[in-house]
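In case you want the letters, here they are:
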Amino acid sequence: MPYLNINTNQQVNDKSSFIKQASETLAKASGKPESYVMIVLNDNADMSFAGSDAPAAMLDYRALGLPGDRQAFSDTLCTFISDNLNVDGGRIYISMTDSERQNWGWNHSTF
């Protein structure tokens, strides 16, 4: 149920390793089991932030329930992106959406 879509104009050379690290980071930061975590990576995206094509990222996080301390959650995700993609935290947006169980499908049903 924790889903993170990472869009960035940076190139990720070892996508498998990056996605695995992102999955572990998200599971720990969200407090949700990694067995439910889904990561989507869209690198090399055509992207502009503040009128500039300098390194940037847009993260879309969706889950059943958001972390209580969203500032710490944001810090963890920004740090992960900054450390792995060399994107300054001031050039990262994170959208957080709390979904209702009946609106989240899985395994031929909903939660």
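Notes on the structure in this doc start here. (Residues numbered from 1 in each chain as written. Predicted model: local features only at pLDDT ≥ 70, side-chain atom pairs only at ≥ 80, totals over all residues. Heavy atoms only, no water.)

## What about the pairing of strand S4 (residues 92-98)?
Now for step 1: Judged from the seven bridges that link them, strand S3 (residues 57-63) and S4 form a sheet pairing that is parallel. Residue Leu-59 lies in a different strand from S4, and its bridge partner there is Ile-94.
Now for step 2: Taken together, S3, helix H2 (residues 70-85) and S4 constitute a β-α-β crossover, and its handedness is right-handed. (Pairing = 2+ DSSP bridges. Helix = DSSP H or I, 4+ residues; strand = E, 2+ residues; numbered from the N terminus. Right-handed = clockwise from strand over helix to strand, strands pointing away.)

## So, the packing of helix H1 (residues 15-30) against H2
The axes of two packed helices give the description: the angle between them and the distance between them.
Now for step 1: Running from N to C, H1 and H2 point in directions that differ by 165°, and their axes come no closer than 10 Å. By the angle class used here, H1 and H2 are roughly antiparallel. The chirality of how H1 crosses H2 is right-handed. Note on element contacts: H2 touches H1 through Phe-73, Thr-76, Leu-77, Phe-80, Ile-81, Asn-84 and Leu-85, opposite Phe-18, Gln-21, Ala-22, Thr-25, Leu-26, Ala-29 and Ser-30.
Now for step 2: The class makeup of the residues in the contact of H1 with H2 is nine nonpolar, five polar and no charged. (Axes fitted to C-alpha atoms, helices over the stretch in contact; angles between N-to-C directions. Parallel < 35°, antiparallel > 145°, perpendicular 65-115°, else oblique. Left-handed = near helix turned anticlockwise from the far one by under 90°. Contact = heavy atoms within 4.5 Å. Nonpolar A, V, L, I, M, F, W, Y, C, P; charged D, E, K, R; others polar.)

## Things to note about the packing of aromatic side chains
Now for step 1: Enumeration according to the criterion identifies six aromatic pairs in this entry.
Now for step 2: Seen in terms of ring centroids, Phe-18 and Phe-80 are 5.2 Å apart; in terms of plane orientation they differ by 45°. Their pairing is tilted. Placement of Phe-18 in helix H1 and of Phe-80 in helix H2 is noted, with a sequence separation of 62 residues between them.
Now for step 3: Classification of Phe-80 by relative accessible area gives buried; the value is 10%.
Now for step 4: One aromatic cluster is present, built from ring pairs that chain together Tyr-36, Trp-106 and Phe-111. (Phe/Tyr/Trp six-rings, centres within 6.5 Å; stacked < 30°, edge-to-face > 60°. Buried < 20%, exposed > 50% of the residue type's maximum accessible area, 1.4 Å probe, protein only.)

## Quick notes on the pattern of salt bridges
It is possible for side chains of opposite charge to pair when their charged atoms get near one another.
Now for step 1: The full count for this structure, using the stated rule, is four salt bridges.
Now for step 2: Close ionic contact of Lys-15 with Asp-43 constitutes a salt bridge, the shortest N to O distance being 3.2 Å. Linking Lys-15 in helix H1 with Asp-43 in the loop between strand S2 (38-42) and S3, this pair joins segments that are 28 residues apart in sequence.
Now for step 3: Of the residues examined, Lys-15 reaches a relative accessible area of 38% and is grouped as partly exposed.
Now for step 4: Two residues, Asp-60 and Arg-62, come together in a salt bridge whose shortest N-O distance is 2.8 Å.
Now for step 5: For Asp-60, a relative accessible area of 14% corresponds to the buried category. (Salt bridge = Lys/Arg side-chain N within 4 Å of Asp/Glu carboxyl O.)

## Some thoughts on the sheet that holds strand S1 (residues 3-8)
Now for step 1: With respect to topology, four strands assemble into an open sheet ordered S2-S1-S3-S4, the strand pairing being mixed. Each end of this open sheet is capped by a strand with a single partner; those strands are S2 and S4. For this sheet, the mean angle separating the axes of adjacent strands, direction not counted, is 10°.

In short, shape yes, function no, at least from these values alone.
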